[in-house]
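# Structural characterization, general
Residues per chain are reported as follows:
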Amino acid sequence: MLFFALSIFLSAFLLFQIQPMIGKFILPWFGGTPAVWSTAMLFFQVLLTGGYAYAYWLVKRPKQGWIHIALLGMTLALLTALGLAWPSPITPAADMRPVAANFPVLDIFLLLTISVGLPYFVLASNGPLMQAWFSRIFPEQSYARLYALSNVGSLFGLLAYPILVEPSLTLFQQGWAWSGGLILFVLVAGILSYRARNENGAATQASTAEKPSGALRVLWIILSGTASLFLLSVTNQVSQEVAVIPFLWIVPLAVYLLSFIFAFSDSRWYDRRVYALLFSITSLAMLWTLVNASSLNVIVQIAIYNLLLFLASMICHGELYRLRPHADHLTSFYLMVSLGGAAGGIFVNLIAPFIFTGYWEFYLGWLMTMILLVVMLWPRFMSQVRLQARAINLSFLAGVLLLSFGLNRYENALFVERNFYGVIRVRELDENADTMIHGMTVHGIQYLADRARPTTYYVEDSGVGLLLLNHPQRGQNLRVGVLGLGVGTLATYAEEGDVHRYYEINPVVIRLAEGEGGYFTFLNDSKAEISVVAGDARISLEQELAAGENQNFDVLVLDTFSSDSIPVHLVTKEAFALYLDHLAPDGVIAAHISNRHLDLRPVFWQLAQEFGLEIVQVDRLVSSDGNGFPSNWVLMTRNATLLEIPAIKSHSTSFEGYTTSIKLWTDDYSNLFQILK
């Protein structure tokens, strides 16, 4: 029994260590967008289904122990080969980074398959396989507690990552440590497989337990799928509101696992009526949160989102526990549960972006949970599994149609498109101006009667406006680099002979800024030589440097931090070293740090100290005529005289005497909770 418990705990622990680890590793390769995590989650859900299907198949085979020993051996061989070729056995080499892609889901799947596919598959199959073998050896014991132990291991592995692993080890060290844990697991699983080497599946085939009906299997899938859909939609909501970092990904997943532990430990943890009441009350709190999102403290928002997720997951998993089968049909049960999880992931990642113009799947998950409660509490449906499944299926279809043809048509926009990187809308402010909005962040406004007028955060008395108007190189072939295109407003500052080079990862933004639909003409009207580089800015700059194409920018504008979800990999020590390599000796870095939830001053102050740069802050309030937005910019340079220009100095605030306890951010460690407003 000790070996069974150790095997199940180890596999669950390693499964949920690898998810944030590899997710963080590939995040910068795809622009730091929240969709990277949800796509990785989909990959793991699909592979989990594959592992459960393998266990379902294996327990009916003769010599099943020998078959599993062979698979374990293949896993060790692959781990060894990759360890010789890569920095660690599970962290791909840099030459595997993909080029820019409009829909990177396949690229992420390919990377994850090569790096962690086989180990994850083996670990995923371990829980149901070992519980099935355990039930045969100890038929008087319940497997449900082993399932709860598996979820405890998962939760422990997940929480250990941000608390213990990430702050202590580099990503490559994490890869080697994880690989060592996998070797230990293979040894334990190998011992148990050797004990089952002559198992022929007769116990399953001779089972006298009632076979689960088709309707019951469908209900298992529905319950699991609803919880999965809610998990991913809440994760998207939280990531869009704050930032794309592993810790924020981990919180909803930890809440989800906690519901599994409670639901499968003892039925006394779950009472339909109590959870129906709690879910209803929290739904009202959620409605209040959505209405007041712009002013509400971010910690309160995260807490309410995750409380709603916990209650929804407890409802789904509590009903799953009530409907669990006899141990003889255990692997079938787990297979259906994993199919539901994968179905939820497929809907959120592959279907919702094409049928919804916003993140409406969150509302669909809420609706499905409410329908589940109604069906489970309605006396007519309580013992009618077939009616329950049919009613919930019809409700799902009705919900999809309602959201697709309801909220989609309700969009008050000239243009709306959702892709891997988010939702982009173009709206008419009035008859004289169009605006581009990404999520809740305005990325530019152009006045139809005055198209050359800089607007929003980029007006003439903003930090970047003052810099571009008063730079000593103005009118002398100024070279400007911009990370983040928006609608291209900064192109209005260009003079003849200037060069403006924009780096943008979202193809929809590029199309609109270059004139699609006729909404924005800043780029087309500019006097500068304009070039737009598609793809992640950091990767593009690295590739240019490797090719000997130093851009020698006089001004490098970092305009990727104003949205609610910031790409952390663009503000690390390694990223800044790259920016300085592309900066002219007397160049200036202008970073736009206006943000509702995050105070980025400590981060840039630390970077300035690390690289010996002079730094000032330029804050702008709304002018009396209401032109432009309030904005916060920091200007950084090796040449202090550039910050002494009277027009800039009169608007700037010195960092003299400024101190902070925040650590310098690197690619291996960052904690955004230190700078929450």
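Nothing here was measured: the structure is a model prediction, and the numbers come from that model. (Residues numbered from 1 in each chain as written. Predicted model: local features only at pLDDT ≥ 70, side-chain atom pairs only at ≥ 80, totals over all residues. Heavy atoms only, no water.)

## Quick word on the overall build of the protein chain
Within the protein chain, the regular secondary structure consists of 22 helices and twelve strands. A compact globule built from 677 residues would reach a C-alpha radius of gyration of about 26 Å, and the protein chain, at 27 Å, matches this within 12%. Seen through its principal axes, the protein chain has C-alpha atoms that stretch 85 × 55 × 45 Å. Looking at the protein chain as a whole, 60% of its 677 residues qualify as buried. (Helix = DSSP H or I, 4+ residues; strand = E, 2+ residues; numbered from the N terminus. Rg over C-alpha atoms; globule rule 2.2 N^0.38 Å. Buried < 20%, exposed > 50% of the residue type's maximum accessible area, 1.4 Å probe, protein only.)

## A few points about the nonpolar core
Core analysis: the largest hydrophobic core is formed by 134 residues, its most contacted members being Ile26 and Phe185. Looking at this core, the element that brings in the most residues is helix 4 (residues 105-137), giving 15 residues. Non-local contacts of Phe185, meaning those with residues more than four positions away in its chain, are made with Ser7, Leu10, Ser11, Leu14, Leu72, Val122, Leu123 and Asn126. (Core = buried A, V, L, I, M, F, W, Y, C linked by side-chain atoms within 4.5 Å. Contact = heavy atoms within 4.5 Å.)

## A few points about a nonpolar patch on the surface
Residues Val46, Phe103, Ile346, Leu350, Ile351 and Phe354 make up a contiguous nonpolar surface patch of roughly 490 Å² in combined accessible area. In terms of residue count, helix 12 (residues 330-355) provides more of the nonpolar patch than any other element does, four residues in total. Mapped onto the elements of the fold, Phe103 is located in the loop between helix 3 (64-85) and helix 4. (Patch = residues over 30% accessible without salt bridge, like charges linked within 9 Å, V, L, I, M, F, W, Y side chains within 5 Å. Areas by Shrake-Rupley, 256 points an atom, 1.4 Å probe, with all protein chains shown as cover. Salt bridge = Lys/Arg side-chain N within 4 Å of Asp/Glu carboxyl O.)

## Looking at the sheet that holds strand 3 (residues 433-438)
Across the sheet, four strands lie side by side as 1-2-3-4; this open sheet has antiparallel pairing. The strands lining the two open edges of the sheet, one partner per strand, are strand 1 (415-419) and strand 4 (441-447). Going from strand to strand, the sheet's axes swing by 15 degrees on average, the running direction of each strand aside. (Pairing = 2+ DSSP bridges. Axes fitted to C-alpha atoms, helices over the stretch in contact; angles between N-to-C directions.)

## Some details on the pairing of strand 4
With six of its seven residues buried, strand 4 lies for the most part within the structure. Summarising the sheet, strand 3 and strand 4 pair through six bridges and their orientation is antiparallel. Its bridge partner being in strand 4, Asp434 is matched across the sheet by Gln446. Between strand 3 and strand 4, which pair antiparallel one after the other, the connecting turn spans two residues, and Gly439 there sits at a positive phi close to 65 degrees.

## Comments concerning the packing of aromatic side chains
Applying the stated rule across the entire model yields 41 aromatic pairs. Measuring from ring centre to ring centre gives 6.4 Å for Phe9 and Phe13, while their planes differ by 20 degrees; the resulting arrangement is stacked. Residue Phe9 and its partner Phe13 are located together in helix 1 (residues 2-26), separated by four residues, close to a single helical turn. On the basis of relative accessible area, Phe9 is assigned to the partly exposed category, the value being 25%. For the ring pair Tyr457 and Phe629, a centre distance of 5.3 Å and an interplane angle of 85 degrees mean the geometry is edge-to-face. Within this pair, whereas Tyr457 is found in the loop between strand 4 and helix 16 (463-470), its partner Phe629 is found in the loop between strand 10 (614-620) and strand 11 (631-637), the two being separated by 172 residues in sequence. What makes Phe629 partly exposed here is its relative accessible area of 25%. Of the aromatic side chains, those joined through ring pairs into one cluster are Tyr52, Trp220, Tyr256, Phe260, Phe264, Tyr321, Phe333 and Tyr334. (Phe/Tyr/Trp six-rings, centres within 6.5 Å; stacked < 30°, edge-to-face > 60°.)

## A word on the sheet that holds strand 12 (residues 652-654)
The strand order 7-6-5-8-9-11-10-12 describes an open sheet built from eight strands, whose pairing is mixed. Every other strand in the sheet has two partners, leaving strand 7 (529-534) and strand 12 as the edge strands with one partner each. Going from strand to strand, the sheet's axes swing by 20 degrees on average, the running direction of each strand aside. Pairing analysis gives four bridges linking strand 5 (residues 479-483) to strand 8 (residues 553-558), with the strands arranged parallel. Of the residues in strand 8, the one forming a bridge with Leu483 is Leu558. Strands strand 5, strand 8, strand 9 (583-592) and strand 11 of the sheet are contacted by helix 20 (residues 573-581), whose axis makes an angle of about 135 degrees with strand 9.

## Description of the pattern of salt bridges
Considering all chains together, one arrives at 14 salt bridges under this definition. Linking Arg538 and Glu542 is a salt bridge whose minimum nitrogen-to-oxygen distance equals 3.3 Å. Of the two residues, Arg538 and Glu542 both sit in helix 19 (residues 537-546), four residues apart, roughly one turn of that helix. Residue classification places Glu542 among the partly exposed residues on the basis of a relative accessible area of 24%.

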